[in-house]
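The chain contents come next:
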Amino acid sequence: NVMNRGDDTPLHLAASHGHRDIVQKLIQFKGDINAVNEHGNTPLHYACFWGQEQVAEDLVSSGALVSICNKYGETPLDKAKAPLRDLLKESTEKLGQSLTRIPYKDTFWKGTTRTRPRNGTLNKLAGIDFRQLSLGHKLNENQSGEVLKGRRGSWRRQKSELHLCAPFALLGRIFSHPNVLPVLGACQAPPAPHPIVLTHWMPYGSLYNVLHEGTDFVVDQSQAVKFALDIARGMAFLHTLEPLIARHYLNSRSIMIDEDMTARISMADVKFSFQCPGRMYAPAWVAPEALQKKAEEINRRSADMWSFAVLLWELVTREVPFADLSNMEIGMKVALEGLRPTIPPGISPHICKLMKICMNEDPAKRPKFDMIVPILEKMQEK
């Protein structure tokens, strides 16, 4: 029952990786089957999230509760896809287990002498054996690398050398929020021909694909507000992290759309330090001050809010911001000539007002994401 720096027990990790024999052995030796980590997740949350069906069944039959809520109000059943969710409900009914939600309680500091930091990082990051992967066809290519589909999902292959280090471990730990798409693992080069970062396969691709590249999915105003709320919730979560994730830039290409139409902020799109430091690949979404100053001189949270405002504009107009200009021209004109997205007539006055507030020229006057989430929730209700 020893915990790592993210409060995961061996049972959490064995459940997430689907090591059924280890899970059974840990249960046999009285592993805490309902232990919670820093996000309130139990081993069953992990098994459900990663689709480890047999492990999830073993946990439930051994007393794991399906109704425990994590910090975000989600039970293991909320984390599971429909087939596994139905299977577990059937199992719990046979066992006579209640489905009444058990609220999250933060008891970390009660009756404990642990004083280690709780920043969600790991001491070590185990790479994935390149030989286990079956590389499929190329889906896309950009400045970061190639995106391919394969047996274990979709991953991004970087074009430069990479040696995994502590900051990368943080990306792999953030999978406790429904609007954040985690990094599943990575392969180092060598032995892989290129550094490879693995993430989930998203059938609809990015928000940019959905809005601008002729998918069958229609984004009406209701769906646009839903996407905006998903993004705001994900960013509100990411902004609680200390330190903030370096080189994370919010734009429609870094937002992935899941099969249930949930928008998720992709951690696989976070840039590595070797990828042209200081270069902005998507300046249309970047705050003016971030184009003018060094990274350490700006308020990252305020700059992200500007990027969110451009995303709002993109969602309601269905247009690419400054599509007629090159990236160089966009960067120069936004930073030095006051180029801004023009809000067309016919846009909802509520969305229009929110957009203007989030795009305030004074970074200090822009709201925080946890302030706009309730506003978007009210818009969704209407």
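Everything below is about the structure printed above this text.
Residues numbered from 1 in each chain as written. Predicted model: local features only at pLDDT ≥ 70, side-chain atom pairs only at ≥ 80, totals over all residues. Heavy atoms only, no water.

Caption draft 1: Up close: the packing of aromatic side chains. Tallied over the full model, the rule gives three aromatic pairs. Measuring from centroid to centroid gives 4.9 Å for Phe 49 and Trp 50, while their planes differ by 90°, and the two rings are edge-to-face. What makes Phe 49 buried here is its relative accessible area of 16%. Trp 50 sits in the partly exposed class, given a relative accessible area of 21%. Against the face of Tyr 208 rests Arg 253, its NZ or CZ located 3.6 Å from the ring centre. (Phe/Tyr/Trp six-rings, centres within 6.5 Å; stacked < 30°, edge-to-face > 60°. Buried < 20%, exposed > 50% of the residue type's maximum accessible area, 1.4 Å probe, protein only. Lys NZ or Arg CZ within 6 Å of the ring centre and 35° of its normal.)

Caption draft 2: Structural detail: the sheet that holds strand E4 (residues 180–181). Strand order in the open sheet made by the three strands is E4-E8-E7, with mixed pairing throughout. Each edge of the open sheet is held by one strand with a lone partner, namely E4 and strand E7 (255–257). When E7 meets strand E8 (residues 263–266), the two strands line up antiparallel, connected through three bridges. Residue pairing for E8: Ile 257 is matched across the bridge by Ala 263. Strands E4, E7 and E8 of the sheet are contacted by helix H9 (residues 221–238), whose axis makes an angle of about 40° with E8. (Pairing = 2+ DSSP bridges. Helix = DSSP H or I, 4+ residues; strand = E, 2+ residues; numbered from the N terminus. Contact = heavy atoms within 4.5 Å. Axes fitted to C-alpha atoms, helices over the stretch in contact; angles between N-to-C directions.)

Caption draft 3: Up close: empty space enclosed by the protein. Scanning all chains against the criterion turns up three cavities of 30 Å³ or more. Volume-wise, the largest cavity comes out at about 50 Å³. Residue lining of the largest cavity: Met 235, Leu 238, His 239, Leu 244, Ile 245, His 248, Arg 300 and Asp 304, and that is the complete set. Only H9 and helix H11 (300–317) provide two or more residues apiece to the lining of the largest cavity. Residue composition of the lining of the largest cavity, by class: four nonpolar, two polar and two charged. (1 Å grid on protein atoms, 1.4 Å probe; cavity = no way out; pocket = protein on both sides within 12 Å on 5 of 7 lines; lining within 4 Å. Points joined across faces, edges and corners; volume = space filled by probe spheres on them. Nonpolar A, V, L, I, M, F, W, Y, C, P; charged D, E, K, R; others polar.)

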